[in-house]
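Descriptive structure summary
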Amino acid sequence: MFYDDYNLALDAFNKVLNSLKGEAKSKFRSRARDMVEEIYTSGFIPTLFYIISKAGLENNDKIDKLTALLNSPSSESIDLGSSDEASYMAYLFVILYYLSERNIIDKKFLIDKLRCNRLELIDKLYELSPIISARIKRYLMAIKRLAEALIEVR
């Protein structure tokens, strides 16, 4: 199980690294360093709300990019851009990728609700938050360590 989390983190990190441009990579590094602790001090759901609010998902183009990244094979990259919003979108991707790949939440449901009814998605995540909080830490720590090791500080 531990090995699987690290393997999944490598896969998600490669997708993120290939999808972010310029400044967004170093901003993602900051997100990866801060959000793990934030999840465990403030809670999974409040931190997720914060990430969603910063990701700019009110724009359908950004939702399309996020869902395309969730559905893409690991060799394919989707251009998330170079903005601050792109770094939050990438971190949101990291979380959603874990939830779908670990079958905590069905990928089709996740993508459907991300597009049409985020409130229903948040309600489902709230219901599952004790499970998510217990299981996601090792994975997010691996993402943090990869970001610290492989993304240059500007």
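If you're wondering where the values come from, they're calculated on a predicted model, not measured in any experiment.

1. Section: the side chain of lysine 113
The topology assignment puts lysine 113 in helix α6 (residues 107-116). Residues in contact with lysine 113, not counting those within four places in the same chain, are Arg118, Glu120 and Leu121.

2. Examining helix α3 (residues 44-54)
For α3, the complete set of buried residues consists of Phe44, Ile45, Thr47, Leu48, Ile51 and Ile52. Buried residues in α3, looked at end-on, bunch into an arc of 160°, giving them a common side. Elements in contact with the buried residues of α3: α2 (23-42), α5 (84-101) and α7 (118-150). In the stretch just after α3, glycine 56 is the one whose phi turns positive, near 70°.

3. Observations regarding the packing of α2 against α7
One way to put it is that α2 packs onto α7 with a least axis distance of 9 Å and a crossing angle of 155°. By the angle class used here, α2 and α7 are roughly antiparallel. Pair α2 / α7 crosses with left-handed handedness. Taken together, the residues of α7 that come into contact with α2 (itself represented by Phe28, Arg29, Ala32, Arg33, Val36, Ile39 and Tyr40) are Ser133, Ile136, Lys137, Leu140, Met141, Ile143, Lys144, Ala147 and Glu148.

4. Focus on the nonpolar core
Ranked by size, the top nonpolar core spans 56 residues in total, and within it Phe28 and Tyr139 carry the most contacts. Those elements giving two or more residues to this core turn out to be α1 (2-19), α2, α3, α4 (60-71), α5, α6 and α7. Among the elements that line this core, the one with the most residues is α5, at 13 residues. In this view, tyrosine 139 contacts Asp5, Leu8, Ala9, Ala12, Val94, Tyr97 and Tyr98; residues no more than four positions away in its chain are not counted.

5. Things to note about the pattern of salt bridges
Taken as a whole and judged by the stated rule, the model has 11 salt bridges. Note that lysine 107 is salt-bridged to glutamate 101, the shortest N-O span being 3.5 Å. Here glutamate 101 falls in the partly exposed class, since its relative accessible area comes to 32%. Here the residues in one salt-bridge network are Asp5, Arg102 and Arg138, joined through shared partners.

6. Digging into the packing of α2 against α5
Interaxial distance between α2 and α5 falls to 9 Å at its minimum, and their mutual angle equals 50°. Relative to α5, α2 is oriented oblique. Here α2 runs over α5; the crossing is right-handed. Residue-level contacts link Ala24, Lys27, Phe28, Arg31, Ala32, Met35, Val36 and Ile39 of α2 to Asp84, Ala86, Ser87, Tyr88, Ala90, Tyr91, Val94 and Ile95 of α5.

Rules used in this analysis
Residues numbered from 1 in each chain as written. Predicted model: local features only at pLDDT ≥ 70, side-chain atom pairs only at ≥ 80, totals over all residues. Heavy atoms only, no water. Helix = DSSP H or I, 4+ residues; strand = E, 2+ residues; numbered from the N terminus. Contact = heavy atoms within 4.5 Å. Buried < 20%, exposed > 50% of the residue type's maximum accessible area, 1.4 Å probe, protein only. Arc of directions from axis to C-beta. Axes fitted to C-alpha atoms, helices over the stretch in contact; angles between N-to-C directions. Parallel < 35°, antiparallel > 145°, perpendicular 65-115°, else oblique. Left-handed = near helix turned anticlockwise from the far one by under 90°. Core = buried A, V, L, I, M, F, W, Y, C linked by side-chain atoms within 4.5 Å. Salt bridge = Lys/Arg side-chain N within 4 Å of Asp/Glu carboxyl O.

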